[in-house]
Amino acid sequence: MVVGLDHPLVADYLRRLEEAARGLPAGRRSELVDEIRGHVTEALAATGDDEPGVRSVLDRVGSPEEIVAAERELLAAEPPGQLGATGPWPSWGPPAPESVVPLSRPSSLWGPVEVIAVVGLTIGSFVVPIVGPIVGLVCAWASRQWTRREKIIATLLTALTPLVVVVAGAGLFAVRSTTSTVEHGPVIVDEGPAVQAPPAPEVSP
Amino acid sequence: MLPQLRRGALEFCVIALLRERPRYGFDIVRELSEADGLLTSEGTIYPLLSRLRKDGLVTTTWQESGTGPPRRYYALTSDGRTALDRFVQDWRRFRDSVDRVLGLGSGQPGTPIELPRAVAERRD
């Protein structure tokens, strides 16, 4: 037997620890008891294993209940390295990229910001011509649920709409002013698909 | 000290002790007990070490001790090192800000956390 571990006080302490650790996961339970046993062994070797020595060592180690409570608390604690994050602390911890970058998108793509964005970019364009699309764009870029790519598409579509209208208008004007010229016919036909191509509803005019 | 505050800092004090070389549990405790008020019960270091291991901030190996049973040594991982660097920065900022509010000004605070206007004015 290792020095001091057969002292009745130590034996009693370790028995109480095993008892207290009963609710812990099996592997961790025996590991924790081993760790404390090892610690007490080291401490007794340093302090001396007479009764005052044993008492002072066990006193410093802390009660079994206290240790098991700490184990439970830390098992249930927040994500990696964020043990202090629940207190008045900045968010400390490892960069842990996988916990920073969300693995999947939020379940709903439609929050208030997204709805305002779509309404602003579509109906808003007619009701409040310039302000509507601007508000829509601001909301679109403020969205946390849309990806960057989706935001760029929304912006491009919004910017292209007036352009398409202008081109289509110019085309019609050209047709009207040169109604007799047959060669200009295909120009309008070419314009047609260009107007219909973008999928968003705001393109319809 | 506030339990919350102590616990949050203790985690990184343990990590900092491993910066130079791997250590075993009793060795870590011995170093920590030099600092007053950091570790209330020595035994609670093991749940903490277990958690750090689970989070990948430390790794462990068993080594013969020569005198007694084998010892479990804890070594810092690169994640642990990164976490420590971040803590050191945050800690400096946090400490300077608290010092300033408490009127314990330590001369040149780095980049203090922005204080509410009322608090900042009262301080002046």
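Residues numbered from 1 in each chain as written. Chains lettered and ligands numbered in written order. Predicted model: local features only at pLDDT ≥ 70, side-chain atom pairs only at ≥ 80, totals over all residues.

### Looking at the overall build of chain A
Short version of the rule: Runs of E in the DSSP output that reach at least two residues are strands. Runs of H or I that reach at least four are helices, and both are numbered from the N terminus. Put plainly, a residue is buried at 20 or more neighbouring C-beta atoms within 10 Å of its own, exposed at 12 or fewer, and partly exposed in between, counting only other residues' C-beta atoms, which are placed from the backbone. The contact criterion used here is simple: two residues whose C-beta atoms, placed from the backbone, lie within 7 Å are in contact.
Helix and strand counts for chain A come out as 10 helices and 0 strands. Element order for chain A, N to C, with α for helix and β for strand: α-α-α-α-α-α-α-α-α-α. Residue burial in chain A is summarised as follows: out of 205 residues, 24% are buried. Taking contacts inside chain A between residues at least 6 apart in sequence as the whole, the part at least 24 apart equals 47%.

### Concerning the overall build of chain B
The helix and strand tally for chain B stands at 5 helices and 3 strands. Start at the N end of chain B and walk to the C end: the helices and strands fall as α-β-α-α-β-β-α-α. Within the span of chain B, comprising 124 residues, buried residues form 31% of the whole. The long-range share in chain B, meaning contacts at least 24 apart out of those at least 6 apart in sequence, stands at 36%.

### A short note on helix α3 (residues 51-61) of chain A
Side chains three or four residues apart in an α-helix point the same way, a direct result of the helix having 3.6 residues per turn. All names here are of chain A. To keep things clear, this is the line we draw: Throughout, the arc means that of the directions going from the helix axis to the C-beta atoms.
The complete set of buried residues in α3 reads V54, V57, L58 and V61. Here the buried residues of α3 occupy an arc of 95° about the axis, which is enough to place them on one side. Structural note: α3 exposes P52 and D59 on the side pointing more than 90 degrees away from its buried face. Of the surrounding secondary structure, the elements contacted by the buried residues of α3 are α1 (8-20) and α2 (26-47).

### A closer look at the nonpolar core
Formally: A set of buried Ala, Val, Leu, Ile, Met, Phe, Trp, Tyr and Cys residues, joined through C-beta atoms within 7 Å, is what we mean by a nonpolar core.
Counting 42 residues, the largest nonpolar core has I36 of chain A together with I15 of chain B as the members making the most contacts within it. If you tally residues by element for this core, the top one is α2 of chain A, at 6 residues. The contacts of I15 of chain B, once residues within four sequence positions are left out, are L57, L76, G80, A83 and L84 of chain B. Residues L121, A140, W146 and A154 of chain A belong to the second largest nonpolar core, which totals 5 residues.

### Structural notes on the packing of α1 of chain A against α3 of chain A
All names here are of chain A. Under the convention used in this document: Under this scheme, a helix contributes an axis fitted over its contacting stretch, all axes are lines through C-alpha atoms, and angles between N-to-C directions fall in the 0 to 180 degree range. Roughly parallel means an angle under 35 degrees; roughly antiparallel means over 145; roughly perpendicular covers 65 to 115; every other angle is labelled oblique. Gly counts as polar in this scheme, as do all residues outside two lists: the nonpolar Ala, Val, Leu, Ile, Met, Phe, Trp, Tyr, Cys and Pro, and the charged Asp, Glu, Lys and Arg.
Relative orientation of the contacting elements α1 and α3 amounts to 20°, with a least axis distance of 9 Å. It follows from the interaxial angle that α1 and α3 lie roughly parallel. Contacts between α1 and α3 involve L9, V10 and Y13 from the first element and V54, R55 and L58 from the second. Of the residues assigned to the contact of α1 with α3, the class counts are 5 nonpolar, no polar and 1 charged.

### Some points on helix α1 (residues 3-17) of chain B
Residues and elements named next belong to chain B. Counted only if it meets this: Helix span, expected: 1.5 Å multiplied by one less than the number of residues in the helix.
Taking 1.5 Å as the rise per residue, α1 with 15 residues should run 21 Å; its terminal C-alpha atoms sit 21 Å apart, in good agreement. Turning to α1, its buried residues are R7, G8, A9, L10, E11, F12, V14 and I15. Residues of α1 that are buried in the fold lie against α2 (25-34), α3 (45-54), β3 (71-76) and α4 (78-102).

### Remarks on the sheet that holds β3 of chain B
Residues and elements named next belong to chain B. The condition is simple: Note: two strands are recorded as paired if DSSP finds a minimum of 2 bridges between them.
Taken in spatial order, the 3 strands line up as β1-β3-β2 in an open sheet, and their pairing is antiparallel. On the outer flanks of this sheet lie β1 (23-24) and β2 (58-63), each paired with one strand and no other. As paired strands, β2 and β3 are joined by 6 bridges and run antiparallel to one another. In the sheet register, T60 faces β3, and the bridge partner there is Y74.

### Observations concerning the confidence of the model for chain A
Residue and element names in this part refer to chain A. To be explicit about the condition: Residue-level confidence of the predictor is what pLDDT reports, using numbers from 0 through 100.
Looking at chain A as a whole, the pLDDT averages 73, with 67% of positions reaching at least 70. Looking across chain A, the model is least confident in helix α5 (residues 97-100), with a mean pLDDT of 42, and most confident in α1, with 96. Low pLDDT (under 50) marks residues 80-107, which in the prediction has 48 contacts with non-local residues, meaning those over four places away or in another chain. Taken together, the stretch residues 185-195 has pLDDT below 50 and engages in 10 contacts with residues farther than four places along the chain or on a different chain.

### Here we look at the environment of R23 of chain B
Residue and element names in this part refer to chain B. Take R23: it is sitting in strand β1. A sequence separation of 48 residues divides R23 from R71, and the C-alpha atoms of the two residues are 9.3 Å apart. If we skip the residues at most four places from it in the chain, R23 touches L17, L18, I28, Y73 and Y74.

### Observations concerning the pairing of β3 of chain B
Where β1 of chain B meets β3 of chain B, 2 bridges bridge the pair, whose relative direction is antiparallel. Within the sheet, the bridge partner assigned to Y24 of chain B lies in β3 of chain B and is Y73 of chain B.

### Digging into the confidence of the model for chain B
On average, residues of chain B carry a pLDDT of 85, and 83% of them reach 70 or more. ipTM for the predicted complex: 0.79, alongside a pTM of 0.57.

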